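# Residue-level structure breakdown
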Amino acid sequence: MVQSSILGFPRMGRLRDLKKATEAYWSDKISRDELLAEGKRLRLEHWKIQKDAGVDVIPSNDFAFYDQVLDHHQLFGTIPERYSKYNLNPLDEYFAMGRGLQKEGIDVPSLEMVKWFDSNYHYVKPTLQDNQEFKLAAEPKPIVEFLEAKAAGITTRPVILGPVSFLTLGKADRGQSVDPITLIEKLLPLYVELLSKLKDAGVEDVQIDEPVLVFDLAEKSKAAFKPVYEKLGALGAQAPRITFATYFGDIVHNIDVLANLQSLHSIHVDLVRNPEQLDTVVAALGPKQILSAGVVDGRNIWKTNFKAAIEKVENAIQKLGKDRVIVATSSSLLHVPHTLASEKALDAEVRDWFSFAVEKAAEVVVIAKAVTEGPAAVREQLEANAKSVQARASSARTNDPAVKARQAAVTPEMHNRKSAFPERYAEQTKTLKLPLFPTTTIGSFPQTKDIRIQRNKFTKGEITPEEYEKFIEKEIQEVVKIQEELDLDVFVHGEPERNDMVQYFGERLTGYVFTTHAWVQSYGSRCVRPPIIVGDISRPAPMTVKESKYAASISPKPMKGMLTGPITCLRWSFPRDDVHQSVQAQQLALALRDEVVDLEAAGIAVIQVDEPALREGLPLRTGEARVAYLKWAVDSFKLSTAGVTDGTQIHSHFCYSEFQDFFHAISALDADVLSIENSKSDAKLLKVFIDEAYPRHIGPGVYDIHSPRVPTEQEIKDRIEEMLAYLTPAQTWLNPDCGLKTRGWPETKAALTAMVNAAKYFRQKYSQ
Ligand SMILES: Nc1nc2c(c(=O)[nH]1)N[C@@H](CNc1ccc(C(=O)N[C@@H](CCC(=O)N[C@@H](CCC(=O)N[C@@H](CCC(=O)O)C(=O)O)C(=O)O)C(=O)O)cc1)CN2
Ligand SMILES: [Zn+2]
């Protein structure tokens, strides 16, 4: 019998229950026991959903209160002393590492959080010391959760992150120089211990995720697989059977590693992203090894095309036989929303095209049944699926000839500004009289409870559009007044009218549909509701001009217009899978180009086009695919911004610090001013700006915005001092790492006051 399996299930719950509970715990509204009980309730509910759907292999330990990688810091005792010294309750220590803690004499920033592969999920980086020792937790979470499921009558397969990935995805702590992978021999015994304890607890199967195998690995990381998995494989009956899982890419370039994994029970690969790897992987399997075929997409919301998926699985079965193939999701379902059943307002036509986590659980079961018993056993499902796939392919909603015509008319000149930066800058300084070290923010100010409540009322029709507009104007007035008091230099309107920087634009563009409950975790308790691109995209009317114009009208300071760039709109939506992403990006770029030009015409002289997702879209492997991506990604940004005159200053924002391997693309955007996240990384990363003689302006973030902790003025000054080793004063802007929407007002004002004071100090220093 061909089994069905799921690599991980979303943990937020149907109505973001986990977000609500964690945030209530953080603000002392519920007790620790209540939070723990809510976690338990959600785990059970999710296991039941999968069991009731008929899924054979159900994951456990895929749950996390903040992040599954952070769970492993506690599992292996890699907790820096600055947290452990307080002897906090383990849950509070865990949250302190995830989000920092500033309370009752404790003041400790969070650990660094970065993107999980090419997704919009963020994990907390393992942070290691030169003399790192590891220690297995007294009650390892994978065992606790396995037993919890078992007590409820559900047998699960615990998921753990493999040692090579755990270390490769980690980094040396600040001031340390250890290359994490060199710690592998010290870490390995903990996996041996954990596996044997899992076995003792009754675990038959374990899933060990080693997603780093899809990268072009450094030799040291690659070489680590052999000793690690020979050792773990040799445990035989002393350990559970191991499913070794990779996803988000192919492993063909690392296929020689499989030769060292032959004593493992099964190998999982992503056949949605890289179906072509099937033959190579099958050929490299050991004589008894099982293939876990990831054919149901864990990263997007399209209904699986059963016919195509069954063909892939049949292809594997032909070579391996039915006993050696498992039908699986391509990756964890963490990246898709909980259930389509919550979407009461979706148009019936498009609704039939989608499948969220709960629906995907049913899909793996149907596919497994189809290949086990033959298509007749699931005839009805196959027929309905074929009809739906056909209906989408021929729907008029997907195709807009006017958009196609406009794309055909795009010329190379449309991608370039009229003059080079020096001439543009000369024009810009005529209108923008800015001091040295200009201060600004990234766009959003705190999205208060009140803002969300008013928006909710407006969405439900409980207040009129006029009332809502008045409310937004009042918010803008408030934000402008505060920026005046803070004495910032380039103002923003604060984005109070936006639910989210991508969703907001999706709701204003044709070709998109949006949902009401389709939330996906982005980091910690924070979720996003990605809009869905179903057809060709165009802009029926201006999207942001009214608010920007209003904000500009109530202050003499320069007001930055604020847009989300084409690549970020694409990446943080659920994109179409029937049209190349470059085509979708160009459609978005044309829509945004019109918006940029309209803002300029409305008198907005500084326009920021955010591209925080530009890097995330970078193909995971180096080589041709990257070159091709960068070409169309950079072109779409340039197409969206190059319609303005020289005197309009174009800003762009990136919230990640890993720009070294990517510097030329950022430079090629030709933005007048960049703001980048940098405060949690080594200022040395900025060296590339000198090395490459970067000619334009840059604002490396001077403080972290992910945590409520307020930086001191001295910390900010120290940071600026470090930055100035690599940047000239004339090109340096000062700003936070990212937007402030997740922060509260008191900490926001305190932090920006410190930043402006630091700016004044350096202005003084450099004007002498
Ligand atoms: N799409 C996206 N990806 C991103 C970022 C980003 O800003 N956007 N930033 C980076 C970090 N990731 C982030 C992701 C989410 C949030 C965030 O603040 N999310 C909000 C939700 C934002 C939102 O869409 N809010 C809506 C819906 C608000 C809501 O919850 N409404 C309640 C009712 C209102 C109430 O009573 O509170 C409901 O629907 O139940 C709105 O403001 O209108 C949250 O989780 O709290 C921040 C950063 C990287 N990726
Ligand atoms: Zn940002």
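Residues numbered from 1 in each chain as written. Chains lettered and ligands numbered in written order. Predicted model: local features only at pLDDT ≥ 70, side-chain atom pairs only at ≥ 80, totals over all residues. Heavy atoms only, no water.

## Section: the overall build of the chain
When its secondary structure is counted, the chain shows 27 helices and 23 strands. A compact globule built from 768 residues should have a C-alpha radius of gyration of about 27 Å, and the chain, at 26 Å, falls within 12% of that. Structurally, the chain occupies a C-alpha span of about 75 × 60 × 50 Å along its principal axes. Residues classed as buried in the chain amount to 61% of the 768 residues present. In the form shown here, the chain has an accessible surface area of approximately 29,100 Å², with 54% of it arising from carbon and sulfur atoms. (Helix = DSSP H or I, 4+ residues; strand = E, 2+ residues; numbered from the N terminus. Rg over C-alpha atoms; globule rule 2.2 N^0.38 Å. Buried < 20%, exposed > 50% of the residue type's maximum accessible area, 1.4 Å probe, protein only. Areas by Shrake-Rupley, 256 points an atom, 1.4 Å probe, with all protein chains shown as cover.)

## Details of the sheet that holds strand S23 (residues 697-700)
Pairing in this open sheet of five strands is parallel, and the strands run S19-S20-S21-S22-S23 from one edge to the other. Of all strands in the sheet, those bounded by a partner on one side alone are strand S19 (560-564) and S23. Across the sheet, the mean angle from the axis of one strand to that of its neighbour is 20°, orientation sign disregarded. (Pairing = 2+ DSSP bridges. Axes fitted to C-alpha atoms, helices over the stretch in contact; angles between N-to-C directions.)

## Looking at the site of ligand 1
Residues in close proximity to ligand 1 total 22 residues, the closest being Lys19, Arg452, Arg455, Asp500 and Lys741. Contact between ligand 1 and Lys449: an oxygen atom at 3.3 Å from a side-chain N or O atom of the residue. Coverage of ligand 1 by the protein amounts to 85% of the 980 Å² it exposes when considered alone. The set of elements that each furnish at least two residues to the shell around ligand 1 consists of helix H17 (449-459), strand S16 (520-523) and strand S17 (526-528). Here the shell around ligand 1 takes four residues from H17, the largest share from any one element. Of the residues in the shell around ligand 1, the class split is six nonpolar, eight polar and eight charged. (Near = heavy atom within 4 Å. Polar contact = N/O pair within 3.5 Å; in protein donor to acceptor, adjacent residues only side chain to side chain. Nonpolar A, V, L, I, M, F, W, Y, C, P; charged D, E, K, R; others polar.)

## Concerning empty space enclosed by the protein
Empty space left among the atoms is revealed by rolling a probe the size of a water molecule over them. Counted according to the given criterion, the structure contains seven cavities of 30 Å³ or more. In this structure, the largest cavity encloses a volume near 210 Å³. The wall of the largest cavity is formed by 18 residues, among which Gln68, Val159, Asp209, Tyr247 and Ser332 lie closest to the centre. Counting only elements with at least two residues in the lining of the largest cavity, the list comes to helix H3 (68-76) and strand S8 (156-161). Ranked by residues supplied to the lining of the largest cavity, first place goes to S8 with three residues. Tallied by class, the residues present in the lining of the largest cavity amount to nine nonpolar, six polar and three charged. Roughly 100 Å³ of internal volume is contained in the second largest cavity. Along the walls of the second largest cavity sit 14 residues, with Pro10, Met12, Gly13, His338 and Trp519 positioned nearest its centre. Residues that form the lining of the second largest cavity fall into these classes: seven nonpolar, four polar and three charged. (1 Å grid on protein atoms, 1.4 Å probe; cavity = no way out; pocket = protein on both sides within 12 Å on 5 of 7 lines; lining within 4 Å. Points joined across faces, edges and corners; volume = space filled by probe spheres on them.)

## Some thoughts on the coordination of the zinc ion (ligand 2)
In this structure, His653 (NE2), Cys655 (SG) and Cys738 (SG) serve as the protein donors to the zinc ion (ligand 2), at separations of 2.1 to 2.3 Å. In terms of primary sequence, the donors binding the zinc ion (ligand 2) are separated according to H-x1-C-x82-C. For the pair His653 and Cys655, one class covers both residues: buried. (Donors = N, O, S within 2.8 Å, 3.2 Å for Na, K, Ca; no water.)

## What about the UniProt feature "binding site: 5-methyltetrahydropteroyltri-L-glutamate" (unreviewed entry) in the chain?
Mapped onto this numbering, the UniProt entry annotates "binding site: 5-methyltetrahydropteroyltri-L-glutamate" (unreviewed entry) at Lys19, Asn120, Arg526, Cys527 and Trp572. As for its placement among the helices and strands, Lys19 is situated in helix H1 (residues 17-26). Excluding its chain neighbours within four sequence positions, the residues that come into contact with Lys19 are Met12, Ser525 and Arg526. Secondary-structure assignment places Arg526 in strand S17. By relative accessible area, which is 23% here, Arg526 ends up partly exposed. Not counting residues up to four positions away in its chain, the partners in contact with Arg526 are Lys19, Glu23, Arg452, Val520, Gln521 and Thr742. (UniProt positions renumbered as here; feature names shortened; annotations may be inferred. Contact = heavy atoms within 4.5 Å.)

## A few points about the packing of helix H26 (residues 713-723) against helix H27 (residues 745-767)
At a minimum axis separation of 9 Å, H26 and H27 run at an interaxial angle of 50°. When the axis of H26 is compared with that of H27, the two are oblique. H26 and H27 meet at a crossing whose hand is right-handed. Here H26 contributes Glu713, Ile716, Lys717, Ile720 and Glu721 to the contact with H27, which in turn contributes Ala751, Ala754, Met755, Asn757, Ala758, Tyr761, Phe762 and Lys765. Classifying every residue of the contact of H26 with H27 gives eight nonpolar, one polar and four charged. (Parallel < 35°, antiparallel > 145°, perpendicular 65-115°, else oblique. Left-handed = near helix turned anticlockwise from the far one by under 90°.)

## Remarks on a positive patch on the surface
A cluster of like positive charges, contributed by Lys20, Lys29, Lys449 and Arg452, occupies part of the molecular surface. One can find Lys29 in the loop between H1 and helix H2 (32-53). (Patch = residues over 30% accessible without salt bridge, like charges linked within 9 Å, V, L, I, M, F, W, Y side chains within 5 Å. Salt bridge = Lys/Arg side-chain N within 4 Å of Asp/Glu carboxyl O. Lys, Arg positive; Asp, Glu negative; His and termini not counted. Charge placed at Lys NZ, Arg CZ, Asp CG, Glu CD.)

## Side note on the sheet that holds strand S12 (residues 266-270)
Across the sheet, eight strands lie side by side as S1-S14-S13-S12-S11-S10-S8-S2; this open sheet has parallel pairing. Lying at the two open borders of the sheet, with one neighbouring strand each, are strand S1 (3-5) and strand S2 (58-60). For this sheet, the mean angle separating the axes of adjacent strands, direction not counted, is 30°. For strand S11 (residues 241-245) and S12, the ladder comprises three bridges, and the chain directions are parallel. Its bridge partner lying in S12, Phe244 is registered against Ile267. Contacting S1, strand S13 (290-296) and strand S14 (325-329), helix H13 (residues 357-373) crosses the sheet at an angle of about 160° to S14.

## Some thoughts on H1
Summarising burial for H1: eight of the 10 residues are buried, a large majority. Taken as a whole, H1 has its buried residues at Asp17, Leu18, Lys19, Ala21, Thr22, Ala24, Tyr25 and Trp26. Here the buried face of H1 lies against H2, helix H5 (90-99) and S17. A positive phi of about 60° marks Asp28, the residue just after H1.

## Considerations on the packing of helix H8 (residues 184-200) against helix H9 (residues 219-233)
Following both chains from N to C, one finds H8 and H9 inclined at 25°, their axes separated by 10 Å at the closest point. Taken together, H8 and H9 sit at an angle that is classed as roughly parallel. Like other packed secondary-structure pairs, H8 and H9 cross with a definite hand, here right-handed. Across the interface between the two elements, Ile184, Leu188, Tyr191, Val192 and Leu195 from H8 touch Ala224, Pro227, Val228, Lys231 and Leu232 from H9. Classifying every residue of the contact of H8 with H9 by side-chain character gives nine nonpolar, no polar and one charged.

## Section: the pattern of salt bridges
Opposite charge on two side chains allows them to pair when their charged atoms are near. Across all of its chains, the model carries 60 salt bridges by this definition. The salt bridge partner of Glu193 is Lys197, with a shortest N-O separation of 3.2 Å. With Glu193 and Lys197 both in helix H8 and four residues apart, the pair spans about one turn of that helix. On the basis of relative accessibility, which here comes to 34%, the residue Glu193 falls in the partly exposed class. For Lys197, a relative accessible area of 33% translates into the label partly exposed. Salt bridges here are not isolated pairs; linked through shared partners, they connect Arg392, Lys404, Asp536, Arg576, Asp577 and Asp578.

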